[in-house]
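Descriptive structure summary
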Amino acid sequence: FPLLLRPPAAGGQPFAGVLSLADQVLRERFVVRGDKTQPPYRNIRFVPGQFFREADAAAQLHLADGAWAGPADLRRALQEFNMTLQLYAAQNWWPGVADLCLNMSRALGLPSNANVYITPPGRPTSLVPHNDFTCNFMVQLSGKKRWRLWKIPDFWLPVDQRFILGRDQAEPVTVEELGPPHMDVTLQPGDVLYVPRGMFHATSTDTATAADGPSMHLTTQAAAMYDRGTSFTWKSALGADDKFPHELFLPAWQQALSQLAVTEPRLRESLPLQAHAVDGRETARALLHAAVDQLLDHTQFYADTLRHLKRLTLLNQQELVQRKQNATVVGANASGPESARGTTRSPASSESSNTSNNNTKT
């Protein structure tokens, strides 16, 4: 279930040093064209409220350099066109975000990354209702954003695209279809909202005024669905995930059957001559149950799987440490964001190694 965390009234803003809209984000250039996992590593989307209108939104801006969006372009998108800005994999160039992701990954034992979302005040729709592959912690950095959440059992805990709705023009989801929300809350700076995997959500800034300024939040992910080789789900761990093939399962399953055949004569028996006319499901059921016990108790499958998943998480944490160190060193030696061009600190040059599912949009 979702969870809302608010800081104590006298505790100040716990995320004040993570990222600044005026001093950091709105001073950078971002890559508009390309794919976020392939050079030149696109790291920004202009969102007009619906995922499938992204191309139209970018065209409306008439960017001076069609491949890049600079500070003036970002301000026009927010102030003139009322668009939401989505910035991919922000841990790759801002040390405060890398530090936050690293702490989350260490605490939860899962890979973590963060996207930034910036929406002008007064928007009735920031993003339409949809659900995601990842468990997300929404960290409100500035401004206000309203969140409405729905738990629909048939789409809970998605493991493939059939469980995901709301991103495709052919499969829209409306607030009316979803009914009364499970939670309706407006986040303010310092608030954190946990949105579980598969929970439908819609966002807006209709409760914010011009005095509140744009809303900026981090979607910080605990990535159960992970692009680098597997997913942290039982379906994948047991070898049944096409997108995340588990290379450890099939050899271990074959080993278990071979071992069991030494002590279980039924595995060595021939199939009935009229196998197509004989119901052998009970025999197959008993042998499969015995094979599963053999797999778990007498092979290294489970231990190897845990080591594999732990290695992926540690590699993610190591990358976050390196990103944080690189960005911190560059920031210390540079006079400002513009002098950091050509380094890992700049979104325009950072290799956007997005560690969450490519379909994640929040």
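Computed from a prediction, not measured in an experiment: that's the story for all the values here.

1. Topic: the sheet that holds strand β12 (residues 200-204)
- Read from one edge of the open sheet, four strands run β7-β12-β9-β10, paired in antiparallel fashion. One side of each edge strand has no neighbouring strand; the edge strands of this open sheet are β7 (127-130) and β10 (183-187). Strand after strand, the sheet turns through a mean of 15° between neighbouring axes, direction not considered.

2. Here's the deal with a nonpolar patch on the surface
- A cluster of nonpolar residues, W234, L238, V292, L296, Y302 and L306, forms a patch on the protein surface that exposes about 600 Å² of accessible area.
- Those elements that place two or more of their residues in the nonpolar patch are α8 (281-298) and α9 (301-333).
- Considering the arrangement of structural elements, one finds L306 in helix α9.
- Classification of L306 as partly exposed rests on a relative accessible area of 44%.

3. Notes on the pairing of β12
- The element β12 is largely enclosed, with a buried count of five among its five residues.
- Alignment of β7 against β12, held across two bridges, turns out to be antiparallel. Residue pairing in the sheet places L127 in a bridge with T203 of β12.
- Looking at chain direction, strand β9 (residues 145-150) and β12 are connected through five bridges and run antiparallel. Each bridged residue has a counterpart across the sheet, and for L149 the counterpart in β12 is H201.

4. Looking at the side chain of R197
- Secondary-structure assignment places R197 in the loop between β11 (192-195) and β12.
- Judged by relative accessible area, R197 falls into the buried class, the value being 10%.
- One polar contact links the side chain of R197 to the main-chain carbonyl oxygen of P158, over a distance of 2.7 Å.

5. Here's the deal with helix α2 (residues 71-79)
- Those residues of α2 not exposed but buried are D73, L74, A77 and L78. An end-on view of α2 places all buried positions within 130° of arc, on one side of the element. Those residues of α2 that are exposed and angled more than 90 degrees off the buried face are A72 and Q79.

6. Remarks on unusual backbone geometry
- Look at N82: it is not a glycine, yet its phi comes out positive at around 55°.
- N82 gets classed as partly exposed once you look at its relative accessible area, which sits at 35%.
- Positive phi is not limited to glycine here, since A89 has a value of about 45°.
- Along the chain, A89 falls in the loop between β5 (84-87) and α3 (95-108).

7. Re the sheet that holds β5
- Reading across the sheet, the seven strands line up as β1-β11-β8-β13-β6-β5-β3 and stay open at both edges, with antiparallel pairing between neighbours. A strand with exactly one partner marks an edge of an open sheet, and here the two such strands are β1 (3-5) and β3 (44-47). The average angle at which neighbouring strand axes cross in this sheet is 20°, direction not considered.
- Strand direction decides the pairing type here: β1 and β11, joined by three bridges, are antiparallel. If you follow L4 over to β11, its bridge partner there is L193.
- Set on the sheet, α3 makes contact with β6 (112-119), β8 (135-142) and β13 (215-222); between it and β13 the angle comes to about 35°.

Basis of the calculations
Residues numbered from 1 in each chain as written. Predicted model: local features only at pLDDT ≥ 70, side-chain atom pairs only at ≥ 80, totals over all residues. Heavy atoms only, no water. Pairing = 2+ DSSP bridges. Helix = DSSP H or I, 4+ residues; strand = E, 2+ residues; numbered from the N terminus. Axes fitted to C-alpha atoms, helices over the stretch in contact; angles between N-to-C directions. Patch = residues over 30% accessible without salt bridge, like charges linked within 9 Å, V, L, I, M, F, W, Y side chains within 5 Å. Areas by Shrake-Rupley, 256 points an atom, 1.4 Å probe, with all protein chains shown as cover. Salt bridge = Lys/Arg side-chain N within 4 Å of Asp/Glu carboxyl O. Buried < 20%, exposed > 50% of the residue type's maximum accessible area, 1.4 Å probe, protein only. Polar contact = N/O pair within 3.5 Å; in protein donor to acceptor, adjacent residues only side chain to side chain. Arc of directions from axis to C-beta. Contact = heavy atoms within 4.5 Å.

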